[in-house]
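# Coordinate analysis (summary)
Chain by chain, the residues run as shown.
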Amino acid sequence: MIYRLLLALGLLLGPTGAAIAQGVADPLLFQGMDQTVWPGARARAMGGVVMGDYRDATALFADPAALARLERAEVRIGGSYLATSLDQEVRWIPDRIYAELSLVLENDPDKLVQIRPFDSIRPDWDHSYTATRPAVAALAFPFAALGASWTAGLGYGQVAVLDHYYQNNNALDPNIGRMRPAPVPRVQEGDSLLVDWFQFARERKGALYGITPALAVRYGRLAFGLSVTVLTGSSDDWQRRFGRGLFILRYNNDFSLLPPRIGEEIIEASSDYRGVRTTISGRLEYERFAVGVVLRPGYTLERRWETQAGNTGTDKLEVPTQVTVGLALYPSRVWRLVADYDLRRQDEVRYIPAGSDAQTPWVGKGTFRLGAEFLAADWLALRAGYRDEPQSFAPAGAAFIDDPAIASVYTAGVGITRGPLVVDLTYELFRLRYDDLWISNVNTNRMKRHTLLLEVAYRF
């Protein structure tokens, strides 16, 4: 039997969460490693602005030059709670070549025209999970030396959320439903193609932390800072494939469905992460405004993995130099406004799998972040912000294959100061919605994440 690629119909394909174009059932590799976060409940409440208006010890992670603004020594600790939900809804458009095949994949008992189902699995799915983790522990103390004001700091904080989940109830191998970058050729008369039909799911749970010493110096209106973050973390990885059937596709709406060749396969593994990242920043500050820049030179993040079967390997993620520029405005005593622009450059990240050549799997786009703080009283600060969060993947079938899906992030928080005691509480809402376009179906993907951050500090 001769096998050729064909233009058949778009079959249910799901989001990979981290790829230039969506895949059918990509293995769990670098997914989740792009989800950078910055410690600091106050800054996160103000849109997550990196170069802005840090006024506490968490500045050592993102903008070490802002440490020089501290007038009193500070000790700070905090934690986070995340609740994430994902779902996918599928809308079908029967294909003119294999019209009945979409009925098999849709597997809907309420349809007027029914096909005998092989199982009870439906295309739509939803999934949710929660996580409670330490977010930050930091201390900083100012001192004078050599005719300048100095601040030294040391912190341990969460710098990336590695959590990732993906599911595909109608995965097909080979992938015959794609539209872009180009459809695959149609099966010709006399030819046929075997297509594995299976349910696929993968999951990663974990976080990346950083141990960060920092030093800042201030000369008049100028401040400079340097921090070095030793990255460390771990994750539990899981991947499942459950065979549903074997299609034999022929010419002109002729196909057969046989029992699957492969039953259930489950791979469980653990990953350990390590790397070193440097942050250099500078700021120029006046009474009514401040400007600054944060530079993060390129670095390498390693992932060492081991499956329960004893297989091991090391992957590398080479991150290029990243730059953030920002502005803070102080129009009055009670208002503080901040904004920054992050170049990101995710499209230049190089992924080097164990024993293989380097690839650039992500897409990239810069982002603006905005935030504000209102001092309602000497002891009470109200905060809010917004930012777009470009993802590292483009939706399947998108007109521009390097244009990423973009999430909206809304933030709010309060700060309470009572003498030397400070409490900062932040709420962050992450919302992502995009459509994957296939030849015979449109998949609407939604992700919502609620994050609560609580930090307590004591100033000496």
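Read on for a plain summary of the structure. (Residues numbered from 1 in each chain as written. Predicted model: local features only at pLDDT ≥ 70, side-chain atom pairs only at ≥ 80, totals over all residues. Heavy atoms only, no water.)

### With respect to unusual backbone geometry
Applied cut-off: Only DSSP runs of H or I covering at least 4 residues are called helices, and only runs of E covering at least 2 are called strands; the numbering of each starts at the N terminus.
Asp173 connects to Pro174 through a cis peptide bond whose omega is 10°. Relative to the assigned elements, Pro174 resides in the loop between strand E4 (164-173) and strand E5 (193-219). With a phi close to 55°, Leu146 is a non-glycine residue in the positive phi region. Within the fold, Leu146 resides in the loop between strand E2 (125-145) and strand E3 (148-161).

### Quick word on the pattern of salt bridges
Just so we agree on the cut-off: When a carboxyl oxygen of Asp or Glu lies within 4 Å of a side-chain nitrogen of Lys or Arg, that pair is called a salt bridge. Partly exposed describes any residue whose relative accessible area lies between the buried limit of under 20% and the exposed limit of over 50%, with all areas from a 1.4 Å probe on protein chains only and scaled to the type maximum.
All chains considered together, the criterion is met by 37 salt bridges. Glu89 is the partner of Arg446 in a salt bridge, and the nearest nitrogen-oxygen pair spans 3.2 Å. Here Arg446 is found in strand E19 (residues 441-459), whereas its partner Glu89 is found in strand E1 (residues 74-92), with 357 residues between them in sequence. Residue classification places Glu89 among the partly exposed residues on the basis of a relative accessible area of 35%. When the shortest N-O distance is used, the salt bridge between Asp424 and Arg383 registers 2.9 Å.

### Concerning the nonpolar core
Condition: Here the nonpolar core consists of buried residues drawn from Ala, Val, Leu, Ile, Met, Phe, Trp, Tyr and Cys, with membership extended through side-chain atoms lying within 4.5 Å. By the convention used here, residues are in contact when the closest approach between their heavy atoms is within 4.5 Å.
If you look at the biggest cluster of nonpolar residues, it comprises 22 residues, and the most contacted ones within it are Tyr54, Leu60, Leu67 and Ala138. For this core, the secondary-structure elements that each account for two or more residues are helix H2 (59-62), E2 and E5. With four residues, H2 is the largest single contributor of residues to this core. Not counting residues up to four positions away in its chain, the partners in contact with Ala138 are Ala57, Leu60, Phe61, Glu74, Val75, Arg76, Leu154 and Gly155. Core analysis: the second largest hydrophobic core is formed by 16 residues, Trp92, Leu101, Val104 and Phe255 among them.

### Describing the packing of aromatic side chains
Filter applied, for reference: Any Phe, Tyr or Trp ring, taking Trp's six-membered ring, that has another such ring centre within 6.5 Å forms a pair; planes under 30 degrees apart are called stacked, those over 60 apart edge-to-face, and the others tilted.
Following the criterion strictly, the structure yields 15 aromatic pairs and no others. Between Phe247 and Phe255 the ring centres are 6.2 Å apart and the planes differ by 70°, which places this aromatic pair in the edge-to-face class. The two residues Phe247 and Phe255 agree in class, both being buried. Aromatic side chains Tyr341 and Phe368 sit 4.8 Å apart centroid to centroid with 50° between the ring planes, which places their arrangement in the tilted category. Of this pair, Tyr341 sits in strand E13 (residues 335-342) while Phe368 is found in strand E15 (residues 367-377), placing the two residues 27 residues apart along the sequence. For Phe368, a relative accessible area of 57% puts it in the exposed group. Here a set of aromatic residues connected by ring pairs shows up, and it is made of Phe30, Tyr351 and Trp362.

### Points about the environment of Leu425
The topology assignment puts Leu425 in strand E18 (residues 421-437). As for Leu425 and Arg369, which are separated by 56 residues in sequence, their C-alpha atoms are 19 Å apart. Among residues more than four places away in sequence, those in contact with Leu425 are Ala412, Gly413, Val414, Leu453 and Leu454.

### What to know about the environment of Thr130
One can find Thr130 in strand E2. The spatial distance from the C-alpha of Thr130 to the C-alpha of Phe198 is 27 Å, given a sequence separation of 68 residues. Excluding residues within four positions of it along the chain, Thr130 makes contact with Tyr81, Leu82 and Ala83.

Worth remembering: the numbers are spatial, not functional.
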